[in-house]
Amino acid sequence: MRERIIDRFNQGDLARAYDLCQDGLRDRPDDFWLKHRAVLCLIRSGALERASAAYHEYRLAEIRHDEDCLAVGARLLKALALESSGQAFARFARESARNYADVHARTGGHYPAINAASMYMLAGDPGPAEIYARKVLYGSFDTATASREQAYYRQASQAEAYLLLGDLPTARSTLREAFRLDPDNHLAHATTLRQLRLLVAVLGLDSDWLAPLEPPRPAHYAGHIFGLGAGERQLDKGQEGRLRDTVELMLARHHVGPVHGALAAGSDIVIAEAALARGCELNVVLPAPVPAFLDASVRPFGEAWVHRFEACLEQAEKVVELTSDRRIVSVQTLNFASLVAMGMARMRASVLATEPLQILVSEVDDAETPAGFGTLHDRDVWSACGLDQVRVPYPGQRSSIRTKPAADENPEPGFRPAMRAMLFLDVAGSTSVPDDRVPHFVQAVLKPLAACCDALADPPVHADSWGDGMFLAFDRVEDAARAADTLRQAFADIDMDEHALPPSLGLRIAGHFGPVHEGEDPLQKRPSLFGGQVAVAARIEAVTVPGSIFVSEAFAAALAMSSYAFRSEYVGQIRIDAVMPDQRLYALRALPANAAANLRRSRSARSTQPV
């Protein structure tokens, strides 16, 4: 049993791991390892309220001899603190600090000591913070068998301790030495920098010294399509060479790391090649399957581009085909792919505690050009978020009359394409409701959820239900996110005991964003949504942990470009259906306004103004 749980957990299949923990606890209700792992599943999936309830129900805090149980308690309290505000923040931070201090008393480790120190400082208790900071600097720790990562954390803990004690010069030099010990561990660096930014804000110190230590910046790239030769939308070899030189200079100057974008002939491929030559990670995001995109955006400009496209694709870290549409790509799908690529770059930057960059190849005089699609559309979406932007001048001449990709034509009468943010909801465990209580279930559970849906400030443009399930579709992804959180809270407020319903009932909510076909349902004779993206949304619901909101990467990426009020935490690459590709899923959580501001402050110190 444990091996299966660990395997599912390590693969990111938290829903299955959680279910296996519950199965095991039915046979072994006192197994604290199963309880600990179940709480970890809830924390990782984003269900912090349920994780807190389970932590206290399982009485894990009383298992004083197990370091894992002690650590997960401290971790949960820290997560609750960082997503709270006001008095709740201080209370959770202080409880987290005490919990870390207790772990340190039993293990003697520097990691719980420095976390105790930092959480005390964030809670407004500098006295205990200084005591534990000195424990980090002057304690006795075994470093004989330390790995590079362990050596990094030891040194980084010391840097954090010096900062807490007000010795900024030593903190700087010690932190630089920590980064030198493990130079490629960017995620560990980001974790350290995020916590240090929160601390310098509390201490009233300058944070600019942290920016040079940030991991390489994730970037989104876009640019004009062109061929090689003479005439409209063509560049000669000299012009392409100068373009590549400028792109390489910008990649180096702005410390660019992973890049995200499409791979059309011309600018896209030039940027991708330059990034790969620098050792950057290439993430290709396409609106359609590779063959369809190749035929529409690469092959028409010459076979030489096809070979370069295939070479880039071969070296890409990730290739995302957002739809299964085999038709020529359209304005709608191009803009969809660009939005997802931009959001992926922004989410990656958030994980790495830095600010993303956009690199554009376009004409200098395009500032006033209307942007309905393509490079200019991407420019406007990115700049509307106040994010850094680098313009590389397009070295050729382009017609003032812009050619558009294929129109969003309706291949079948009565259908039209549309972009929709979709939610599927289901009450897990509803089959355990006795038949005589089903009417009470409908009145006490389903009716309040329907009333909640009716009261939404931005209601769905499409709604349907069956049994214990609901299907909602929205024009905007942020409207769907707010609706999901509102419905989750409405369900949590229902007292199942009062209605003599099973307390194990849980609401699963899944979200997805993508193109659909709107048309009349032949059976119900009313408008409905059709297509593969609808099926994806439905399948995600089946693997969602009850009490959580799981969303697709497309949903999370689009939301990252429109709202600071939510956070999407990576769950893992999950098999949602035997015949569908695995999906990268995220747990969605709403943040209090102050907590969202704190999270922004914990990220990059870099400028966020367009350049």
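Scroll up a little and you will see the structure.
Residues numbered from 1 in each chain as written. Predicted model: local features only at pLDDT ≥ 70, side-chain atom pairs only at ≥ 80, totals over all residues. Heavy atoms only, no water.

Engineer: Tell me about the overall build of the chain, and please be specific about residues and values.
Structural biologist: Helix and strand counts for the chain stand at 22 helices and 16 strands. Here the analysis covers contacts within the chain between residues at least 6 apart in sequence; of these, 73% occur between residues at least 24 apart. Carbon and sulfur atoms form 51% of the exposed surface of the chain, whose accessible area is close to 26500 Å². (Helix = DSSP H or I, 4+ residues; strand = E, 2+ residues; numbered from the N terminus. Contact = heavy atoms within 4.5 Å. Areas by Shrake-Rupley, 256 points an atom, 1.4 Å probe, with all protein chains shown as cover.)

Engineer: Tell me what's going on with the pattern of salt bridges, and back it up with residues and numbers.
Structural biologist: In this structure the tally under the stated criterion is 34 salt bridges. The partner of Glu 553 in a salt bridge is Arg 584, with the nearest N and O atoms 3.9 Å apart. With Glu 553 in helix α21 (residues 553–560) and Arg 584 in strand β16 (residues 583–590), this residue pair connects regions lying 31 residues apart in the sequence. Glu 553 sits in the buried class, given a relative accessible area of 10%. (Salt bridge = Lys/Arg side-chain N within 4 Å of Asp/Glu carboxyl O. Buried < 20%, exposed > 50% of the residue type's maximum accessible area, 1.4 Å probe, protein only.)

Engineer: Any details on the side chain of Glu 478? Residues and values, ideally.
Structural biologist: Considering the arrangement of structural elements, one finds Glu 478 in helix α19 (residues 477–492). Within the local environment of Glu 478, its side chain forms a polar contact with the side chain of Ser 562, the two groups lying 3.3 Å apart. Leave out the neighbours within four places in its chain, and Glu 478 touches Leu 559 and Ser 562. (Polar contact = N/O pair within 3.5 Å; in protein donor to acceptor, adjacent residues only side chain to side chain.)

Engineer: Would you mind going over the sheet that holds strand β5 (residues 282–286) in detail, with residue names and values included?
Structural biologist: The six strands lie next to each other as β6-β5-β4-β1-β7-β8, forming an open sheet whose pairing is parallel. Lying at the two open borders of the sheet, with one neighbouring strand each, are β6 (318–321) and β8 (388–393). For this sheet, the mean angle separating the axes of adjacent strands, direction not counted, is 20 degrees. Sheet analysis places strand β1 (residues 217–223) next to strand β4 (residues 256–261), joined by three bridges and oriented parallel. Looking at the pairing, Arg 217 lines up with Val 256 of β4. Together, β1, β4, β5 and β7 (357–362) form the strand contacts of helix α13 (residues 267–277), whose direction differs from that of β1 by roughly 150 degrees. (Pairing = 2+ DSSP bridges. Axes fitted to C-alpha atoms, helices over the stretch in contact; angles between N-to-C directions.)

Engineer: So, the pairing of β1: which residues are in play, and what are the values?
Structural biologist: Among the seven residues of β1, seven are classified as buried, and the element is accordingly described as predominantly covered. In β1, alternate side chains face the same way, and those of Arg 217, Ala 219, Tyr 221 and Gly 223 on one face and Pro 218, His 220 and Ala 222 on the other are all buried. Where β1 lies against β7, five bridges are found, and the strand directions are parallel. Bridging from a neighbouring strand, Ala 222 pairs with Leu 360 of β7.

Engineer: Give me the lowdown on α13, citing residues and values where you can.
Structural biologist: Burial analysis of α13 places 10 of its 11 residues in the buried class, which makes it a mostly covered element. Check the buried side of α13 and you find it contacts β1, α12 (237–253), β4, β5, α15 (303–315) and β7. Following α13 by one or two positions, Gly 279 adopts a phi angle in the positive range, close to 85 degrees.

Engineer: With reference to specific residues and values, describe the packing of aromatic side chains.
Structural biologist: Under the defined criterion, the tally for this structure stands at 10 aromatic pairs. Note on Tyr 120 and Tyr 132: the rings are 6.1 Å apart at their centroids and 20 degrees apart in plane angle, and the pair reads as stacked. In this pair, Tyr 120 sits in helix α7 (residues 110–122) while Tyr 132 sits in helix α8 (residues 126–138), placing the two residues 12 residues apart along the sequence. As far as the burial class goes, Tyr 120 and Tyr 132 line up, both buried. Within the aromatic cluster, the residues linked to one another by ring pairs are Tyr 152, Tyr 153 and Phe 179. The ring of Tyr 132 carries the charged tip of Lys 135 above its face, separated from the ring centre by 5.7 Å. (Phe/Tyr/Trp six-rings, centres within 6.5 Å; stacked < 30°, edge-to-face > 60°. Lys NZ or Arg CZ within 6 Å of the ring centre and 35° of its normal.)

Engineer: Pulling in residues and values, what's your account of helix α9 (residues 148–164)?
Structural biologist: A rise of 1.5 Å per residue sets the reference length of α9, with its 17 residues, at 24 Å; its end C-alpha atoms lie 24 Å apart and thus fit the reference within 8%. Looking at the buried side of α9, the elements it contacts are α7, α8, α10 (168–181) and α11 (186–203). Following α9 by one or two positions, Gly 166 adopts a phi angle in the positive range, close to 85 degrees. (Expected span 1.5 Å × (residues − 1).)

Engineer: Tell me about the state of the cysteines, and name the residues and values.
Structural biologist: Applying the stated criterion to the full structure yields zero disulfides. Free of any disulfide, Cys 453 has its nearest cysteine sulfur in Cys 452, 7.3 Å distant. (Disulfide = S-S within 2.5 Å.)

Engineer: I'd like a description of unusual backbone geometry, backed by residues and values.
Structural biologist: Most peptide bonds take the trans configuration, and most residues that are not glycine carry a negative phi. Here Ala 353, not a glycine, exhibits a phi torsion of approximately 55 degrees, which is positive. Mapping Ala 353 onto the fold places it in the loop between α16 (331–351) and β7. On the basis of relative accessible area, Ala 353 is assigned to the buried category, the value being 0%. Non-glycine residue Lys 525 carries a positive phi angle of around 60 degrees. With respect to the element layout, Lys 525 can be found in the loop between β12 (506–520) and β13 (527–530). Classification of Lys 525 by relative accessible area gives exposed; the value is 54%.

Engineer: I'd love a proper account of the packing of α9 against α11, names of residues and values included.
Structural biologist: It is the contact of α9 with α11, at a shortest axis distance of 11 Å, that shows an interaxial angle of 5 degrees. Relative to α11, the element α9 is oriented roughly parallel. Taking contact as the criterion, the partners of Tyr 152, Tyr 153, Ala 156, Glu 160, Leu 163 and Leu 164 in α9 are, on α11, Ala 188, His 189, Thr 192, Gln 195, Leu 196, Leu 199, Val 200 and Leu 203. Here the residues of the contact of α9 with α11 are counted per class, giving 10 nonpolar, three polar and one charged. (Parallel < 35°, antiparallel > 145°, perpendicular 65-115°, else oblique. Nonpolar A, V, L, I, M, F, W, Y, C, P; charged D, E, K, R; others polar.)

Engineer: Outline the packing of α7 against α9, supporting the account with residue identities and numerical values.
Structural biologist: Close contact between α7 and α9 brings their axes to 10 Å; oriented N to C, the two are set at 30 degrees. In terms of orientation, α7 and α9 fall into the roughly parallel class. Note on packing geometry: the crossing formed by α7 with α9 is left-handed. The segment α7 lies against α9, with His 110, Ile 114, Ala 117, Ser 118 and Met 121 engaging Tyr 153, Arg 154, Ser 157, Glu 160, Ala 161 and Leu 164. By residue class, the composition of the contact of α7 with α9 is six nonpolar, three polar and two charged. (Left-handed = near helix turned anticlockwise from the far one by under 90°.)

Engineer: Break down the pairing of strand β10 (residues 462–466) for me, citing the residues and quoting the values.
Structural biologist: Here β10 pairs with strand β11 (residues 469–474) via five bridges, running antiparallel. Bridging across to β11, Ala 463 finds its partner in Leu 472. The hairpin turn running from β10 into β11, its antiparallel successor, is two residues long, and Gly 467 in that turn takes a positive phi close to 55 degrees.

Engineer: Residues and numbers for the side chain of Asp 468, please.
Structural biologist: Among the structural elements, Asp 468 can be located in the loop between β10 and β11. It turns out Asp 468 is buried and unbridged, and the closest side chain with the opposite charge, Arg 508, is 6.7 Å from it. One polar contact links Asp 468 to Ser 430, side chain to side chain, over a distance of 2.5 Å. Sequence-distant contacts of Asp 468, defined by excluding residues within four places in its chain, comprise Leu 425, Asp 426, Val 427, Ser 430, Phe 441 and Leu 446. (Lys, Arg positive; Asp, Glu negative; His and termini not counted.)

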